[in-house]
Amino acid sequence: MAVNAESNNVGDGLTLQMVRDSLIRQEDTIVFSLIERARFPLNSPAYDPSYGSIPGFSGSLVELFVKQTEAVQAKVGRFENPEEHPFFPDNLPPSLVPHYKFPEVLNPAAMSININKAIWDIYFNKLLPLFVAPGDDGNYASTAARDLECLQALSRRIHYGKLVAEVKFRDEQKDYEPPIRARDTLVSLLTFADVEEAVKKRVAKKAMTFGQEVKLGEDEDKGKYKVDPVVLSGLYGDWVIPLTKEVEIEYLLHRLD
Ligand SMILES: C=C(O[C@@H]1C=C(C(=O)O)C=C[C@H]1O)C(=O)O
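Computed from a prediction, not measured in an experiment: that's the story for all the values here.

**Some details on the overall build of the protein chain**
For step 1, the next point in the chain: Looking only at helices and strands, the protein chain has nine helices and zero strands in total.
For step 2, the next point in the chain: The order of α-helices and β-strands along the protein chain, N terminus first, is α-α-α-α-α-α-α-α-α.
For step 3, the next point in the chain: Relative to the compact-globule value of 18 Å for 257 residues, the protein chain shows a C-alpha radius of gyration of 20 Å, a close match.
For step 4, the next point in the chain: Judged by the C-alpha coordinates and their principal axes, the protein chain covers about 55 × 50 × 35 Å.
For step 5, the next point in the chain: Counting contacts in the protein chain only where the partners sit at least 6 residues apart, residues at least 24 apart contribute 73% of the total.
For step 6, the next point in the chain: Carbon and sulfur atoms provide 55% of the accessible area of the protein chain, an area that totals close to 13,500 Å².
For step 7, the next point in the chain: Treating the 30 positive side-chain charges of the protein chain as one cloud and the 39 negative ones as another, the clouds have centres 1 Å apart.

If you want it as structure tokens, here you go:
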């Protein structure tokens, strides 16, 4: 079965190229969602637990938004898909809709891997200040909605490392088994420096293409982008790719359990 272009679901006959094609497609979603978030300034009250002191809830506006949205999404089955990972997995309501039998590609150990806590911390503390302007325009609800889109797109991409690792393992099982058993370093085995370079270059190009000011006539504003392409490419190189590799390593370490 092929990677489904709409849902990104994968089945048997999975190849590294298919998984990489999906990662390339997911770049579009990530770049677009970051551009959409950058329409708003930082809006720090959305992240401040003391702002508004929400009745019956101890946390920030964005935490409230994400918890409530994830609860609704859980009820309609979002997290039944092994490619989706909640940010607040505790006490999520069960799905109310019929179960769809997603292809079982991954080793069951994959179920226990969820690095969304790290993704959350890095997104709010490291990434956001890099690509949004400082300031406060009061649009906290829209800001929180954009944040969740970014977080979910990043989380899906980073946890795709499980699939990347599974295919690499199947392709080169003989090479992977000894370091897994020895709990040895796997990072050099699964790193493809040329692919990483291509990813970073393509992300910069997408940031230029999707983030350009589109104007009619003479006054085209060449070289002005909604989000700095260098920043987006750096964000991939410094965070998205290393976190994907972290998921790959975590998955492989449990692959023979
Ligand atoms: C995802 C892969 O594994 C590693 C991580 C990459 C990434 O996150 O883009 C790219 C190349 C590899 O070093 C891959 O090989 O495609």
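**Regarding the site of the ligand**
For step 1, the next point in the chain: Taken together, the neighbourhood of the ligand is formed by 15 residues, with Arg 20, Arg 157, Lys 168, Phe 192 and Glu 196 sitting nearest.
For step 2, the next point in the chain: In the model, an oxygen atom of the ligand is placed 2.8 Å from a nitrogen or oxygen of the Phe 192 main chain.
For step 3, the next point in the chain: Between the ligand and the protein, one listed contact pairs an oxygen atom with a side-chain N or O atom of Glu 196 at 2.5 Å.
For step 4, the next point in the chain: Taken by itself the ligand offers 360 Å² of open surface, and the protein chains cover 99% of this.
For step 5, the next point in the chain: If you list the elements that add at least two residues to the shell around the ligand, you get α1 (16-37), α5 (161-171), α8 (193-210) and α9 (229-253).
For step 6, the next point in the chain: The element contributing the most residues to the shell around the ligand is α9, with four residues.
For step 7, the next point in the chain: Residue classes in the shell around the ligand are distributed as seven nonpolar, two polar and six charged.

Parameters at a glance
- Residues numbered from 1 in each chain as written.
- Predicted model: local features only at pLDDT ≥ 70, side-chain atom pairs only at ≥ 80, totals over all residues.
- Heavy atoms only, no water.
- Helix = DSSP H or I, 4+ residues; strand = E, 2+ residues; numbered from the N terminus.
- Rg over C-alpha atoms; globule rule 2.2 N^0.38 Å.
- Contact = heavy atoms within 4.5 Å.
- Areas by Shrake-Rupley, 256 points an atom, 1.4 Å probe, with all protein chains shown as cover.
- Lys, Arg positive; Asp, Glu negative; His and termini not counted.
- Charge placed at Lys NZ, Arg CZ, Asp CG, Glu CD.
- Near = heavy atom within 4 Å.
- Polar contact = N/O pair within 3.5 Å; in protein donor to acceptor, adjacent residues only side chain to side chain.
- Nonpolar A, V, L, I, M, F, W, Y, C, P; charged D, E, K, R; others polar.

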